[in-house]
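Survey of secondary and tertiary structure
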Amino acid sequence: MALQLRYAARSDVGLVHRWGDVPLAVPDHLRVTPIGLDLADVILPADHPLAERCEARWSDLVDQSLILLTPGSGLRRLADQSLAQLTLGIKPAFEVSNVQTALGLVAAGLGISVLPRAAVEPLAMAMGLTCRALTDEWAQRRLLVAMGSGRQADDAALALIQHLTAERSPNAKARRSQ
């Protein structure tokens, strides 16, 4: 959507992401610059056995009650492809359309979820949930900013880019590493 908006010259800056090695079609007149890296996290109740670990893999989630985003989301599409390649018999207990619902179900003890860290970590932690990195190869996304290649960014666009790349927390450095 952001690239479509930028392509139509309705915005000065487009924020996009790319999960795993899925190619991103960028029109020739746009310049795309990486601004960070985000990981998929396993979101767990604090007392869940996997919460004692530092990280997890899909194979660790086989017998778990999973709360996943509905089919069609970028993360879910990659998860389904990854699971098919691994021939793991993971079937979601719940499919939800937004991350807040997924977090609420995890907080209620109805299962665990896999969600983008940047989208959920502060709220998940405020809810007393635990976030653990999913280390499967596909489970990271590059965060990118798109701008017109022959155009000078205005002050507002530059301020936004500076804000997005600023190191604000201990996790920011991990998100920015390439």
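To keep things clear, this report deals only with the structure shown in the data block. Values in this document were obtained by computation on a predicted structure and should not be read as measured data.

What counts, and where the lines are drawn
Residues numbered from 1 in each chain as written. Predicted model: local features only at pLDDT ≥ 70, side-chain atom pairs only at ≥ 80, totals over all residues. Heavy atoms only, no water. 1 Å grid on protein atoms, 1.4 Å probe; cavity = no way out; pocket = protein on both sides within 12 Å on 5 of 7 lines; lining within 4 Å. Points joined across faces, edges and corners; volume = space filled by probe spheres on them. Helix = DSSP H or I, 4+ residues; strand = E, 2+ residues; numbered from the N terminus. Nonpolar A, V, L, I, M, F, W, Y, C, P; charged D, E, K, R; others polar. Contact = heavy atoms within 4.5 Å. Core = buried A, V, L, I, M, F, W, Y, C linked by side-chain atoms within 4.5 Å. Buried < 20%, exposed > 50% of the residue type's maximum accessible area, 1.4 Å probe, protein only.

The next thing to look at is empty space enclosed by the protein. Counted under the stated rule, the structure contains one cavity of 30 Å³ or more. The volume enclosed by the largest cavity comes to roughly 30 Å³. If you go around the largest cavity, the residues you meet are L68, L69, L75, R76, A79 and V114. Every element with two or more residues in the lining of the largest cavity is listed here: β4 (66–69) and α2 (74–86). The greatest single-element share of the lining of the largest cavity, amounting to three residues, is contributed by α2. For the lining of the largest cavity, the per-class residue count stands at five nonpolar, no polar and one charged.

Its place among the elements puts S149 in the loop between β8 (140–148) and α5 (155–165). Placed 118 residues apart in sequence, S149 and R31 show a C-alpha to C-alpha distance of 4.8 Å. Among all residues touching S149, those that are not within four sequence positions of it are D28, H29, L30 and R31.

Core analysis: the largest hydrophobic core is formed by 19 residues, its most contacted members being V42, W58, L61, V114, L134 and W138. Sorting the residues of this core by element identifies β2 (30–45), β4, α2 and β6 (112–116) as the ones contributing at least two each. Discounting chain neighbours no more than four positions away, the residues touching V42 are A56, L61, I112, S113, V114, T130, C131, R132 and L134. Formed by 14 residues, the second largest nonpolar core is a distinct cluster that contains I67, L69, A102 and L105.

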